[in-house]
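Letter by letter, the chains look like this.
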Amino acid sequence: MINRGAVYQKAAEPWAVFAVQDERLIGGQNPASGAAVAELLIKTLERKND
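J.: Can you explain the overall build of the protein chain? Please cite residues and give values.
T.: A count of helices and strands for the protein chain gives one helix and two strands. In terms of overall dimensions, the protein chain is more spread out than a globule: its C-alpha atoms have a radius of gyration of 12 Å, far above the 10 Å expected for 50 residues. Seen through its principal axes, the protein chain has C-alpha atoms that stretch 35 × 25 × 15 Å. Taking all 50 residues of the protein chain together, 8% fall into the buried category. Here the protein chain displays about 4,600 Å² of accessible surface, and carbon together with sulfur accounts for 56% of that area.

Here's what the structure looks like:
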């Protein structure tokens, strides 16, 4: 994917909380990132409803 232009990001520590958003795509690195992903989703939905 990187060869096709994807930007790869990861947490400094393997099991650290890490979530990113690019437009409508939201992703987390591991199960510990679930809450961070949910927070990004909620913020996105709140902006959409404004």
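J.: Outline the pairing of strand β2 (residues 25-28), supporting the account with residue identities and numerical values.
T.: Of the pairings in the sheet, the one linking strand β1 (residues 19-22) to β2 comprises four bridges and is antiparallel in character. Pairing of D22 across the sheet is with L25, part of β2. The antiparallel hairpin formed by β1 and β2 contains two residues in its connecting segment, where E23 sits at a positive phi of about 60 degrees.

J.: Run through the side chain of N30, naming residues and quoting values.
T.: When you line up the elements, N30 lands in the loop between β2 and α1 (34-48). Exposure remark for N30: the relative accessible area of 10% places this residue in the buried category. One polar contact links the side chain of N30 to the main-chain amide nitrogen of A32, over a distance of 2.9 Å.

J.: Describe in detail the environment of G5, supporting the description with residues and values.
T.: Here G5 shows up in the segment before β1. Along the backbone, G5 and D22 are 17 residues apart, and their C-alpha atoms lie at a distance of 14 Å.

J.: Mind laying out the side chain of S33, listing which residues take part and the relevant values?
T.: Secondary-structure assignment places S33 in the loop between β2 and α1. Note on S33: relative accessible area 0%, which makes it buried. At 2.9 Å, the side chain of S33 forms a polar contact with the backbone nitrogen of F18. Among residues more than four places away in sequence, those in contact with S33 are A16, V17, F18 and G28.

Definitions and limits used
- Residues numbered from 1 in each chain as written.
- Predicted model: local features only at pLDDT ≥ 70, side-chain atom pairs only at ≥ 80, totals over all residues.
- Heavy atoms only, no water.
- Helix = DSSP H or I, 4+ residues; strand = E, 2+ residues; numbered from the N terminus.
- Rg over C-alpha atoms; globule rule 2.2 N^0.38 Å.
- Buried < 20%, exposed > 50% of the residue type's maximum accessible area, 1.4 Å probe, protein only.
- Areas by Shrake-Rupley, 256 points an atom, 1.4 Å probe, with all protein chains shown as cover.
- Pairing = 2+ DSSP bridges.
- Polar contact = N/O pair within 3.5 Å; in protein donor to acceptor, adjacent residues only side chain to side chain.
- Contact = heavy atoms within 4.5 Å.

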